[in-house]
Amino acid sequence: MPHPVPTGPPGPVRRFPFRFDPAFRVPLALLGVRPETAAVELAPDALIVRFGPWRLRTTPGNVAGVELSGPYRWWRAIGPHLSLADGGATFGTSVAGGLCLRFTEPVPALAPGPWPRHPALTVTVADPAALREALAPGTSGGA
């Protein structure tokens, strides 16, 4: 059974900006991905990831686990990516590291419309440990 997709995050919203490596700022800006257009927003009943023109919307309850990852090779992490190994998506702005979010129900992210659906999303936020803690309070390794 799919999780409902929120139309907007009611209540307090925590914002986690992406970390931008200086070398990739201009190429990402050409895709519309800039610090003001890229962030993870977490509300009590909404998880929204904005990455320039790309969006992922789900509920925090759909997050089955979170895992710190990286560092990465630039060609596998910078920009929007699809993993051919597991169908997961990446929204990347840095090679330093990030957070992989695993979902109970796969969600759309890389294309408009409901398909394809991704079982995981890696995000290169500035503070991956803080996002991990916000998604899985009281744990050190995930939900």
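Residues numbered from 1 in each chain as written. Predicted model: local features only at pLDDT ≥ 70, side-chain atom pairs only at ≥ 80, totals over all residues. Heavy atoms only, no water.

What follows deals with the overall build of the chain. The helix and strand tally for the chain stands at 3 helices and 9 strands. Shown N-terminal to C-terminal, the secondary structure of the chain runs as helices and strands in the order β-α-β-β-β-β-α-β-β-β-β-α. Partitioning the intrachain contacts of the chain with sequence separation of at least 6 by distance along the chain shows that 62% fall at a separation of at least 24. Carbon and sulfur atoms make up 62% of the accessible area of the chain, which totals about 7,200 Å². (Helix = DSSP H or I, 4+ residues; strand = E, 2+ residues; numbered from the N terminus. Contact = heavy atoms within 4.5 Å. Areas by Shrake-Rupley, 256 points an atom, 1.4 Å probe, with all protein chains shown as cover.)

This part is about the sheet that holds strand β4 (residues 54–58). The antiparallel open sheet is built from 4 strands, whose spatial order is β1-β2-β3-β4. Both edges of this open sheet fall to β1 (14–17) and β4, since each of them pairs with a single strand only. With direction set aside, neighbouring strand axes in the sheet form an average angle of 10 degrees. Looking at chain direction, strand β2 (residues 38–43) and strand β3 (residues 46–51) are connected through 6 bridges and run antiparallel. By the bridge assignment, Ala39 is partnered in β3 with Arg50. (Pairing = 2+ DSSP bridges. Axes fitted to C-alpha atoms, helices over the stretch in contact; angles between N-to-C directions.)

For the coordinates displayed, the defined rule picks out 3 salt bridges. One salt bridge connects Glu36 with Arg34, and the closest N-O pair in it is separated by 2.8 Å. (Salt bridge = Lys/Arg side-chain N within 4 Å of Asp/Glu carboxyl O.)

What follows covers the sheet that holds strand β6 (residues 79–82). Strand order in the open sheet made by the 5 strands is β5-β8-β9-β7-β6, with mixed pairing throughout. The open sheet has two free edges, formed respectively by β5 (63–69) and β6, since each of these has just one partner strand. Going from strand to strand, the sheet's axes swing by 20 degrees on average, the running direction of each strand aside. Pairing of strand β7 (residues 89–92) with strand β9 (residues 117–123), which is carried by 3 bridges, proceeds in the parallel orientation. Residue pairing in the sheet places Phe91 in a bridge with Val123 of β9.

Let us now look at the pairing of β9. Most of β9 is tucked away: 5 of the 7 residues are buried. Here 6 bridges tie strand β8 (residues 98–108) to β9, and the two strands are oriented antiparallel to one another. Paired with Pro108 across the strands is Arg117, a residue of β9. (Buried < 20%, exposed > 50% of the residue type's maximum accessible area, 1.4 Å probe, protein only.)

On to the confidence of the model for the chain. Taken over all residues, the pLDDT of the chain has a mean of 90, while the share at 70 or more is 87%. Contacts of residues 1–9 to residues separated by more than four positions or lying in other chains number 18 contacts, the stretch itself having pLDDT below 50. (pLDDT = per-residue confidence, 0-100.)

Turning our attention to unusual backbone geometry. Residue Pro71 is reached from Gly70 by a cis peptide bond, and omega for that bond is 0 degrees. Along the chain, the position of Pro71 falls in the loop between β5 and α2 (74–77). In this structure, Pro116 follows Trp115 across a cis peptide bond, with omega equal to -5 degrees. Mapped onto the fold, Pro116 is located in the loop between β8 and β9.

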